[in-house]
Number of protein chains: 2
Amino acid sequence: MNKNLTSYIKRHVDLTEQENERFQSTLKLKTFKKGDYLLQAGQTCTKRYYILTGCIRLFYIENGNEQIIHFGIDNWWITEYDSLINQSPSNIFIQAIEDSEVLILDQSSFERISEEIPKIEKLFRIIMEKTYIAAQRRISYMLSYSGEELYEKFVTYNPTFLQRAPQYMIASYLGMTPEFYSKIRNKPRNPTS
Amino acid sequence: MNKNLTSYIKRHVDLTEQENERFQSTLKLKTFKKGDYLLQAGQTCTKRYYILTGCIRLFYIENGNEQIIHFGIDNWWITEYDSLINQSPSNIFIQAIEDSEVLILDQSSFERISEEIPKIEKLFRIIMEKTYIAAQRRISYMLSYSGEELYEKFVTYNPTFLQRAPQYMIASYLGMTPEFYSKIRNKPRNPTS
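Computed from a predicted model, the values in this text were never measured in an experiment. (Residues numbered from 1 in each chain as written. Chains lettered and ligands numbered in written order. Predicted model: local features only at pLDDT ≥ 70, side-chain atom pairs only at ≥ 80, totals over all residues. Heavy atoms only, no water.)

In the superposition of chain A on chain B (RMSD 0.0 Å, axial shift 0.0 Å), the rotation amounts to 180 degrees. Classification of the inter-copy transformation places it as that of a two-fold axis. The rotation axis passes nearest to the C-alpha of Arg125 of chain A in chain A, at a distance of 2.1 Å. Looking at chain A, 100% of its interface residues are interface residues in chain B too, so the copies touch through the same face. (Least-squares fit on C-alpha atoms with pLDDT ≥ 70 in both. Contact = heavy atoms within 4.5 Å.)

What follows is the structure, given as structure tokens:
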């Protein structure tokens, strides 16, 4: 059993040790090298991923350019929900941008285990609520904030990404050109001090 | 029991008639007049709403302006998840923009009934996944599309809103000024025909 996942689960639902063991026995450990794909566009997603260590990006190609839609780091669940839930081919790539160690939950295992242990269903309802809240906040930032304010919010809420993801990927996530991002990033924050 | 809600539930989970009755018995019917608030900013949200008939908006105030973040119409579940899940004061208003008939599910009732009937937990996990997928699509449109393309996508996926919500609200939802929205809307779609 993985300790980080156990403490993650404990923050949300109250599983017995036996239930926790049973749930974690359905997961498969896999290592991805930097640059490896967890999912390619055109494939249909059938898995949810719990990142033990590493950094992973979700992106699509628009007019020949990569557009980052989401990042995940240690102790996050990620997947391509649109493809997974609607069982349709993904237009999104999932790719490791660091060497990453991941626990994989197949959708068929998920369905079996959540029937067997309803608290697993609750866990994933809560994960989805939290994931949605983050998306809703991001939409409100995109609607209300300038590029500079978007950058400030990103730094405040996701400081580790600045060290772990290349600048051009963060620029893409924030909907900026690398040049504009670089200009904002290099602007002195405290010009009078 | 409400027939529309019953058929909504049936599309996602397989409740017995008794379970469906039991679930629906926890809901309270309430009517809101056009302009009535379901939630005011500063209040902590404690409810989920199933819209039987009507049109409802979620908005916040930014620099003195209303910013629409979400709409709901007939047969949608809506709430302010950030406030509901984190039990923190909302910065969002929920307001009826038509006379609306709504079924209300208190969070305490939700917790009881989903322990009692695990398929209700599953139902709300699925609702959250679908809600998240819509938010993720919206983010990708905002990142990739011009104002005109955003409008086209909105018309394609939400045609009824054009009839039901005032233009200035749709403009706000799309992140546009009313003037820019009006310009796009009045642009001939088929100039050569």
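Turning our eyes to something else, we now look at the packing of helix 1 (residues 3-10) of chain A against helix 2 (residues 17-24) of chain A. Residue and element names in this part refer to chain A. Orientation of helix 1 relative to helix 2, taken along the N-to-C sense of each, is 120 degrees, at an axis distance of 11 Å. Classified by the angle between their axes, helix 1 and helix 2 sit oblique to one another. Handedness of the helix 1/helix 2 crossing: right-handed. Across the interface between the two elements, Leu5, Thr6 and Ile9 from helix 1 touch Asn20, Phe23 and Gln24 from helix 2. Of the residues that constitute the contact of helix 1 with helix 2, the class distribution is three nonpolar, three polar and no charged. (Axes fitted to C-alpha atoms, helices over the stretch in contact; angles between N-to-C directions. Helix = DSSP H or I, 4+ residues; strand = E, 2+ residues; numbered from the N terminus. Parallel < 35°, antiparallel > 145°, perpendicular 65-115°, else oblique. Left-handed = near helix turned anticlockwise from the far one by under 90°. Nonpolar A, V, L, I, M, F, W, Y, C, P; charged D, E, K, R; others polar.)

Here the focus is the sheet that holds strand 4 (residues 55-62) of chain B. With antiparallel pairing, the four strands of this open sheet are ordered in space as 2-7-4-5 (chain B). If you trace the sheet from one side to the other, it starts and ends with strand 2 (37-39) and strand 5 (65-73) of chain B, each paired once. Shown here is a sheet whose adjacent strand axes are inclined to one another by a mean of 30 degrees, direction ignored. Running at roughly 140 degrees to strand 5 of chain B, helix 5 (residues 118-144) of chain A makes contact with strand 4 and strand 5 of chain B of the sheet. (Pairing = 2+ DSSP bridges.)

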